[in-house]
Amino acid sequence: MTEEDKEGSPPVPKIEVNDDQREEIDKKSEVGSQIGNNLDDDDEVKEAEGDEDEEGEGVEKGEDEGTEGEPDELSEEATALKHELQKIIVAPPMNPKIMEDDEIVDPEKYPESYRVNTNKEKLCLLYAASYTRQYAQMYAKRKPLLLKPINECGVEKLVCTTIKPTLLPYKPLYDWKGAAEFVADYLDFVTLDPEHEPPKRLRSPTTILEFQRANCFEYSTLLVSFLIAAGYDAYVVSGYATREICIMDETREVCPLLSKKREASKKEERPPMKRYQVRPPKDLQSKFEIKMKKRSDEAKEKERRKKLEEEEEKDIEAHKPLPDPLFGTRVHSWVLILAGKRGVEENFFIEPFTGLPKAVDDPEYLGIESIWNNKNFWANMQSCEDGLKGIQYDLGDISSWEYMFPSNEKPELKLPDDEYAADNLEIEEEEEKDIEKHLDIPKSWVKTITLSLRDFQTRCPSGKKTKLYKRAKLERFAPYLMDDGIVSRLSSFSDRELIDLEESKEVYEHRADKLLTRDRNHKTNWITENFSPGRPKHLKKHIYKATESGPESERTMIFFHHARVNGLERRLETPTEMTEHFKDREDFLFYRHVLFAQRTKTFGPASSGTSPRTILRIVEHYHRNEKVPADEDISVLTFNCADKKISITYHTCDEKISASTREFTKPDNWDDKTAPLIFHEAEMHSTFQVNPHDRKKKQVELYQLLEDLLKREEKSKESVRASEKEVRDILEVRQQEDFKVNLDVSVYDVQRNDKAKKLREELERRAAEEKLRQEEMEVDYLAPFLSLLDDPNNIQYSDALKLSEECLRDLKHRLIDKANLIQARFEKETAELQEKQQWYQRNQVQMQKDDVNSYLAYCSEAMFKIHILQLRLDRHKEQAPAKYMELQRRLTNDARLRDHLKGSAL
Amino acid sequence: MSRLYDTIEPSVIDDEMLQRAVVEQGPKNEAGKLAREEGIDFADVTSLRLDFKNILKIGNLWSFKSLVKLQLDNNIIERIEGLDTLVNLVWLDLSFNNIEVIENLDNLTLLEDLTLYNNRIERVENMDNLTKLHVLSVGNNQLKDLENMKYLRKFDNLRTLNLTGNPIKNDAAYESYIAAHLPDLEYLDYRLVDQKTREAAKEKYDIALQELEEGERNAARKKEEEIKKTEELELHKAAYVEHLNDSTLFDSLYAEDPEGMKLNKIPTVDEMISNYREEFNEICREIFEFGLKMHVERQAEVKMFWECVREAKETNKQLGINKIEEFMEYRKRVLPELLIEPGENHEEQEAHEEYQKTIDKLWDALMIYEMQLVDQLEDVIKEFERAMSDMVANFKENVSALFSRMRELENQHNEKLLEIGQMTLEKIVKGEVDDDIPDEIRDLFVDKDTLNSAVTSSHDVHLMKIDNREDDCTTKVNTWLTNLTRTIHEQEEIERNRQRVTEISHLIDHLKDDFENNYSAEF
């Protein structure tokens, strides 16, 4: 409400006023002023008012009440009252924040639909006024309905028309969760002022998106606009809620991101008993002992749980909010989604501030006054004394929900009562009439909601948002906003004051090093990093200690094993051990454990990078290779480097429980590559064969096996060294990456892709240049002649005539010149050709073949030239008159000569 | 080669030659030394080369059972023979010999690479069993008939073929003919068969090829049908109701019953017979269906039993393995200390005893598991036996009831037949019958006794047939059950237990020996 609006108030329709309706009237007067100021056609207004009367009566009949007076009779009184009221509301309480916005707002900036009401809208407003009046009469104790607040331009608009169903081209908004989260993130909320009254102003979704500040009603309106477009049966709810909801105090709530974890619950189905299932062996444990143990365990568990609960309770008690003096009267708005559309099976609320779903009987919501969507408006007729429990959302039930517009899409609830049915029938008849008079909700006055991709991605105002939860803090950042690519950080604390940091979870996006999340436990200093596929070494997860980030310390690396040639899935390390797990390898290896010697602590400069650790033992496990008999198929292979021993355990046969083993002691000269190995079976080989009757291996075979094993040992050592090197490499790369974070930009991201941007800008620049050049090309044909004049800016009639004449003459001259020139060239070429031909005929006899050829080539070329010249001449002749005419036309239309020449033409 | 034939004495594949070849081609260096010392078993040799040896006749190779690769090239071999035992052969080289016919390769089913280059072969044949053949080289031979190459179509895996230097190569259509008829061939005469050639060839021989393929398809279908039929019959046999789904049994009733056949020719018997036949077949079908149903049930039961047994064994095996592994861990930990640490004699003794005790404990544990499994299996087997015998009894009962109905039917039929016969006899006696009754039947109606005896003998034959069939059915099912239970008892109860106990004892013995040896070695 600005001062201009209040000035010059013309007569208002006469209305009986009670206290609750004062403001309504206040607004109404403004409508009147708008009508007076903005409409040329008074008849229309009258017509509209007339219609409104009829409408009002219609509804009155239907609801069996009639209090409306004739507007003409009471206009004076109303005017007087209006003046009086204006005095009363000298300075309406305004939210200072809204004032800020108002300072920025220039009503002229908005399109016409924002500033002016159409006739239909006016009609509806009047109808709404009547509805409000009746409502106020019937329920004097209830707060006035928020039905037609003013918009950002100070114009009254029906709440329903403020909803503008729009589906933005962003996939997350197609889902209610995504849309609600977006609205919650994108806007900063403003509390209502006063907190127990509905707001007087409801700005359009477009304005809200622009300023990114909104009250709860504006939040809901925007969200419902998205949801209806996405196909949900969504409504804005106006009602009451607790303080925590109204000021979005989530510090007593568990952060939704943290609570999601607890969902996992496994159901293990026992396979059905088979008929010949063997009975389990007899259990010889004492049943009594088991029972007693169980009992004591249970008791302990119970105690523990009780203790926990008590602590929890104490905690809750200690942090209970102070009692709210305004409890039950705080006005709030949220969103209702009814079941039926988009696979929604149950009615539920969405809290627009947080974007979270709430049950319809959530105790935080205390009451509902009215609900509306873009089609209709319903006032709640049900009692909300007991919160929202038992509220029915059957909008067709007129005993529960009083609709405003008869074009009610919801099915009417037929009551069995005959009399009532008769009444109903009457109402229906009336309604039919109403429908015939096509009173339905006018088109939304709001412009189509648009949102640039950049704004959508930025999400929060200025790209950052911090939310506080119970023992947790959630910070969100827009992609590309932070240099290290962080988009969210969830920190959990052990205390409510958020001082003692326990754990933080960071989520990153678009990082060139593919880092997705980094979880850090601040107590143990363990860090877990997750990566997306595409890193050079296919690292998937890296768990390490912040304090010992160098190589040869405790860490776990998990890899994308499908992408790796060696099928490595996991590598666990401690200072003296390294365990690697593999998957889907062709050599059936799935596990390798390496034991290193303890590094002797050297004083002075650390030499960990220089000399590798000594390998004490390598143990390799293999899967069963079905192509080889089990007794030949190595299951566990141990290279005991320290003891110079190699031992093999084979797989067990199907029917056996023990496995064959074999052990070699390496010959003394095993690492001498030049000399053949010396092998003595008795000393260097021992074996256990499960099947004693199996053929013993021959010397040669054993010798070959030993040779093979030595080669394998060499290979295993190599791969261990390679693994160590890989770890060092990865760590080095990681360090560099963290030191200088690069962010990837998709080739499709036109905003941020510098290369594409440059290219586009270059293209634009070129286009602009081209345009400029073309403009330059359009020569002012009058310029040379104008410069001859004394005063080119002031052209007289005679000058004008002269100018045009000269101009035309000049053109004619030029055209003729050009024709002559072409003619001359043509003649010249013809003459040359003839000459050449003559020369040829003369010298034909003694000419060489080459000369003849060159002559012929010349001839064809000359003929071609002549032909072209002829064509050009013809075309010139054809076009010349047209050109002349064109110039003549232009001259007559030329801004400088037009007046004079037209006059002469006339 | 033939020029050498006359001049040089052909050699024989003898032990000496083989031994030499094996040693020459065997392991080298240190391993070779060891091998020589130990001697090489012919049965272990996987690859043998006998080239340029002037061999005339293949033989003496039977002991090379695991031979994979055999080279007999550049000899003067005239016949392919003596290779029947080399069933693992994958690679056979017989090039540069004097072979005239491809033969005696039927046992070499794994053969993938066959080289017969530079021989005197005139036809490609006798290789039906070489389904895995991948490379075939018959270059420089006397192949004259291009049509003969169709024979190679049956080798689905054939990719490389060498026919160069044969008379057929001179045929203008040679290349396209081969390309069209062997569409999967990739290399012909050392060159890649490109797509273009193949398509052109295919177009050229389109109609002929289609006919050929149609014929092949038909043959394949026929074969398939036959297989299916045999399979079905096998199934019916397994259900002991073979040939009961058609009128085989009924037909067999009259197969050895000349009187019956004659009787059937009595006027008005026709209709009766066809009725009888229908009803009889109806019962047959009932038996058949019932038999199949029972068979499925029995199979399911048996399958479930084995599954459970397998599971039980698996669980038990895992228990045993875990126990052994546990012990092995312990052993790894304790044994080095025991052997290395020289301490007080008394302490050593104690540790020694401790280790031995643990071994005994392992034995105990493993034996307990085994006993558990024995008990479990015994119970289950008993239960299974009971269920099976119930099932079989049920089957027999139902089937015999159905057979009784069959006999009943036969009796009725017999009575009716007798009645009609007597009526006819009366008519004949009275001379009321037309003359068109055949003479052979007239013979039956000489007097009442003849007629009666004919009818009775027919009836007896029929009853006997039915009884036989029933006996057949029940005997077979009984045999099956006995066999099954015997196998289960023998295999699962006795044999398995014996093996496991031996295994455990062997393991424990080994552990003990190992310890004693090492331990005593320390002293």
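Fair warning: this is a prediction, and the values are worked out from it, not measured in the lab.

A.B. asks: How should I be thinking about the overall build of chain B in this particular structure?
C.D. replies: When helices and strands are counted, chain B shows 12 helices and eight strands. Taking all contacts inside chain B whose residues are at least 6 apart in sequence as the whole, residues at least 24 apart take part in 59%. Taken as a whole, chain B presents about 28,900 Å² of accessible surface, with 49% of it coming from carbon and sulfur.

A.B. asks: Whenever I open this one, the overall build of chain A confuses me. Can you help?
C.D. replies: When helices and strands are tallied, chain A shows 23 helices and 25 strands. Looking at chain A residue by residue over its 906 residues, the buried ones come to 42%. A sequence separation of at least 24 residues applies to 59% of the contacts in chain A between residues at least 6 apart. Carbon and sulfur atoms form 51% of the exposed surface of chain A, whose accessible area is close to 52,400 Å².

A.B. asks: What's the story with the packing of aromatic side chains in this structure? I'm lost.
C.D. replies: Any two aromatic rings considered together are summarised by their centre-to-centre distance and by the angle between their planes. All names here are of chain B. Applying the stated criterion across every chain, the model contains 36 aromatic pairs over all chains. Between the aromatic rings of Phe-305 and Trp-306, the centroid separation amounts to 5.2 Å while the plane-to-plane angle is 65°, which identifies the pairing as edge-to-face. Looking at Trp-306, the relative accessible area reads 30%, which means it is partly exposed. Centroid distance Phe-305 to Phe-384: 4.0 Å. Interplanar angle 15°. Geometry classified as stacked. With a gap of 79 residues between them, Phe-305 in helix H9 (residues 269–340) and Phe-384 in helix H10 (residues 345–430) connect regions that are remote in the sequence.

A.B. asks: Could you clarify how one ought to interpret the confidence of the model for chain B in this entry?
C.D. replies: The predicted coordinates ought not to be read in detail in places where the model reports low pLDDT. Residues and elements named next belong to chain B. Per-residue pLDDT for chain B has a mean of 86; in total, 95% of the residues score no lower than 70. Mean pLDDT across the secondary structure elements of chain B bottoms out at helix H1 (residues 2–7), with 53, and peaks at strand S4 (residues 113–115), with 94. What the predictor reports for the complex is a pTM of 0.65 with an ipTM of 0.76.

A.B. asks: Is there a simple way to explain the pattern of salt bridges in this structure?
C.D. replies: Side chains that differ in charge, positive against negative, can pair when their charged atoms come close. Residues and elements named next belong to chain A. For the structure shown, the criterion picks out 80 salt bridges over all chains. The closest approach of N and O atoms between Arg-734 and Asp-513, which form a salt bridge, is 3.2 Å. Separated by 221 residues along the polypeptide, Arg-734 in helix H18 (residues 699–739) and Asp-513 in the loop between strand S13 (501–508) and strand S14 (515–521) bring together distant segments of the chain. We classify Arg-734 as buried; its relative accessible area is 4%. Given the relative accessible area of 5%, Asp-513 is considered buried. Across the salt bridge formed by Arg-773 and Glu-770, the nearest N and O atoms sit 3.4 Å from each other. Taken together, the residues Arg-773 and Glu-770, both in helix H19 (residues 754–777) and three residues apart, mark about one turn of the helix.

A.B. asks: It is not clear to me how the interface of chain B and chain A should be interpreted in this structure. Could you clarify?
C.D. replies: Where interface size is quoted, it is often the accessible area lost as the parts come together. Facing 38 residues of chain B, the contacting portion of chain A comprises 29 residues. Of the roughly 3,000 Å² buried where chain B meets chain A, counting both sides, 58% is carbon and sulfur surface. Every element with two or more residues in the side of chain B that touches chain A is listed here: helix H3 (29–38), H9, H10 and helix H12 (448–522) of chain B. Ranked by residues supplied to the side of chain B that touches chain A, first place goes to H9 of chain B with 12 residues. When its residues are assigned to classes, the side of chain B that touches chain A shows 17 nonpolar, seven polar and 14 charged.

A.B. asks: Please clarify how the sheet that holds strand S6 (residues 356–358) of chain A should be interpreted in this entry.
C.D. replies: By way of backbone hydrogen bonds, the strands of a sheet pair with one another, either parallel or antiparallel. Residues and elements named next belong to chain A. With antiparallel pairing, seven strands are arranged side by side in an open sheet as S6-S5-S4-S3-S7-S8-S9. A single partner strand is all that each edge strand has here, and the edge strands are S6 and strand S9 (401–403). Sheet twist, expressed as the mean angle between neighbouring strand axes with direction ignored, is 35°. The pairing of strand S5 (residues 348–351) with S6 spans three bridges and is classified as antiparallel. Considered in S6, the bridge of Phe-349 is made with Lys-358.

A.B. asks: Sorry, what's going on with the packing of helix H9 (residues 176–186) of chain A against helix H11 (residues 216–229) of chain A here?
C.D. replies: When two helices pack together, their arrangement is given by the angle between the helix axes and the distance between those axes. Residue and element names in this part refer to chain A. Close contact between H9 and H11 brings their axes to 10 Å; oriented N to C, the two are set at 150°. When the axes of H9 and H11 are compared, the pair comes out roughly antiparallel. Handedness of the H9/H11 crossing: right-handed. When H9 is examined against H11, the residues Trp-176, Ala-179, Ala-180, Phe-182, Val-183 and Ala-184 are found in contact with a partner set consisting of Tyr-219, Leu-222, Leu-223, Phe-226 and Leu-227.

A.B. asks: Honestly, unusual backbone geometry in this entry has me stumped. Any pointers?
C.D. replies: Only a minority of non-glycine residues have a phi that is not negative, and only a minority of peptide bonds are not trans. We note that Gln-212 of chain A has phi near 60°; this positive angle belongs to a residue other than glycine. Its place among the elements puts Gln-212 of chain A in the loop between helix H10 (205–211) and strand S2 (213–214). Of note in this structure, Asn-140 of chain B is not a glycine but carries a positive phi near 50°. Positionally, Asn-140 of chain B belongs in the loop between strand S5 (135–137) and strand S6 (160–162). On the basis of relative accessibility, which here comes to 30%, the residue Asn-140 of chain B falls in the partly exposed class.

A.B. asks: Honestly, the UniProt feature "coiled-coil region" (unreviewed entry) in chain B in this entry has me stumped. Any pointers?
C.D. replies: Residues annotated by UniProt as "coiled-coil region" (unreviewed entry) correspond here to residues 198–233 and 374–426 of chain B. The span residues 198–233 of chain B is 97% helical and 0% strand by assignment, and the distance between its end C-alpha atoms comes to 44 Å.

A.B. asks: What's the story with helix H2 (residues 15–25) of chain B in this structure? I'm lost.
C.D. replies: Note: α-helices contain 3.6 residues per turn, so residues at a spacing of three or four share the same orientation. Residue and element names in this part refer to chain B. Among all positions of H2, only Met-17, Leu-18, Ala-21 and Val-22 are buried. Along the axis of H2, the buried positions cluster into a sector of 125°, meaning they face one direction only. Facing away from the buried side of H2 by over 90 degrees, the exposed positions are Glu-16 and Glu-24.

A.B. asks: Please clarify how a positive patch on the surface should be interpreted in this entry.
C.D. replies: Residue and element names in this part refer to chain A. A cluster of basic residues, Lys-818, Arg-825, Lys-828, Lys-865, Arg-872, Arg-875 and Lys-883, forms a positive patch on the protein surface. At the level of elements, helix H21 (797–843) and helix H22 (849–893) are the ones that each hand at least two residues to the positive patch. Considering each element in turn, the positive patch owes the most residues, four residues, to H22. Tracing the backbone through its elements, the reader meets Arg-875 in helix H22.

A.B. asks: Got a minute to help me understand the sheet that holds S4 of chain B in this structure?
C.D. replies: With mixed pairing, the eight strands of this open sheet are ordered in space as S1-S2-S3-S4-S5-S6-S7-S8 (chain B). Whereas interior strands pair on both sides, the edge strands pair on one side only; in this sheet they are strand S1 (47–49) and strand S8 (191–192) of chain B.

A.B. asks: Before we go on, may I ask you to explain a nonpolar patch on the surface in this structure?
C.D. replies: Residue and element names in this part refer to chain A. A contiguous nonpolar surface patch, about 270 Å² in accessible area, is contributed by Phe-864, Ile-868 and Leu-871. You can see Leu-871 is positioned in helix H22. A relative accessible area of 44% means that Leu-871 is categorised as partly exposed.

A.B. asks: So what exactly am I meant to see when it comes to the environment of Glu-632 of chain A here?
C.D. replies: Residue and element names in this part refer to chain A. Topologically, Glu-632 is positioned in the loop between strand S21 (615–622) and strand S22 (634–640). When the C-alpha positions of Glu-632 and Tyr-650 are compared, they lie 6.5 Å apart, and in sequence the two are 18 residues distant. With sequence-adjacent residues up to four places away left out, Glu-632 is seen in contact with Tyr-650 and Lys-697.

A.B. asks: Teacher, can you tell me more about the side chain of Thr-354 of chain A here?
C.D. replies: Residues and elements named next belong to chain A. By secondary structure assignment, the location of Thr-354 is in the loop between S5 and S6. Since its relative accessible area comes to 12%, Thr-354 is described here as buried. Of the polar contacts made by the side chain of Thr-354, one reaches the backbone nitrogen of Leu-356; its length is 3.3 Å. Sequence-distant contacts of Thr-354, defined by excluding residues within four places in its chain, comprise Ala-184, Met-248, Glu-250 and Lys-467.

A.B. asks: In this structure, what is going on with the pairing of strand S24 (residues 661–665) of chain A? I would like to understand it.
C.D. replies: One face of the sheet, then the other: side chains in a regular strand alternate in exactly this way. Residue and element names in this part refer to chain A. Side chains Arg-662 and Phe-664 project from S24 onto a buried face, and the interleaved Thr-661, Glu-663 and Thr-665 project onto a face without burial. Across four bridges, S24 lies against strand S25 (residues 685–688) in antiparallel orientation. Note that in S25 the partner of Glu-663 across the bridge is Ser-686.

Basis of the calculations
Residues numbered from 1 in each chain as written. Chains lettered and ligands numbered in written order. Predicted model: local features only at pLDDT ≥ 70, side-chain atom pairs only at ≥ 80, totals over all residues. Heavy atoms only, no water. Helix = DSSP H or I, 4+ residues; strand = E, 2+ residues; numbered from the N terminus. Contact = heavy atoms within 4.5 Å. Areas by Shrake-Rupley, 256 points an atom, 1.4 Å probe, with all protein chains shown as cover. Buried < 20%, exposed > 50% of the residue type's maximum accessible area, 1.4 Å probe, protein only. Phe/Tyr/Trp six-rings, centres within 6.5 Å; stacked < 30°, edge-to-face > 60°. pLDDT = per-residue confidence, 0-100. Salt bridge = Lys/Arg side-chain N within 4 Å of Asp/Glu carboxyl O. Buried area = accessible area lost by both parts, 1.4 Å probe. Nonpolar A, V, L, I, M, F, W, Y, C, P; charged D, E, K, R; others polar. Pairing = 2+ DSSP bridges. Axes fitted to C-alpha atoms, helices over the stretch in contact; angles between N-to-C directions. Parallel < 35°, antiparallel > 145°, perpendicular 65-115°, else oblique. Left-handed = near helix turned anticlockwise from the far one by under 90°. UniProt positions renumbered as here; feature names shortened; annotations may be inferred. Arc of directions from axis to C-beta. Patch = residues over 30% accessible without salt bridge, like charges linked within 9 Å, V, L, I, M, F, W, Y side chains within 5 Å. Lys, Arg positive; Asp, Glu negative; His and termini not counted. Charge placed at Lys NZ, Arg CZ, Asp CG, Glu CD. Polar contact = N/O pair within 3.5 Å; in protein donor to acceptor, adjacent residues only side chain to side chain.

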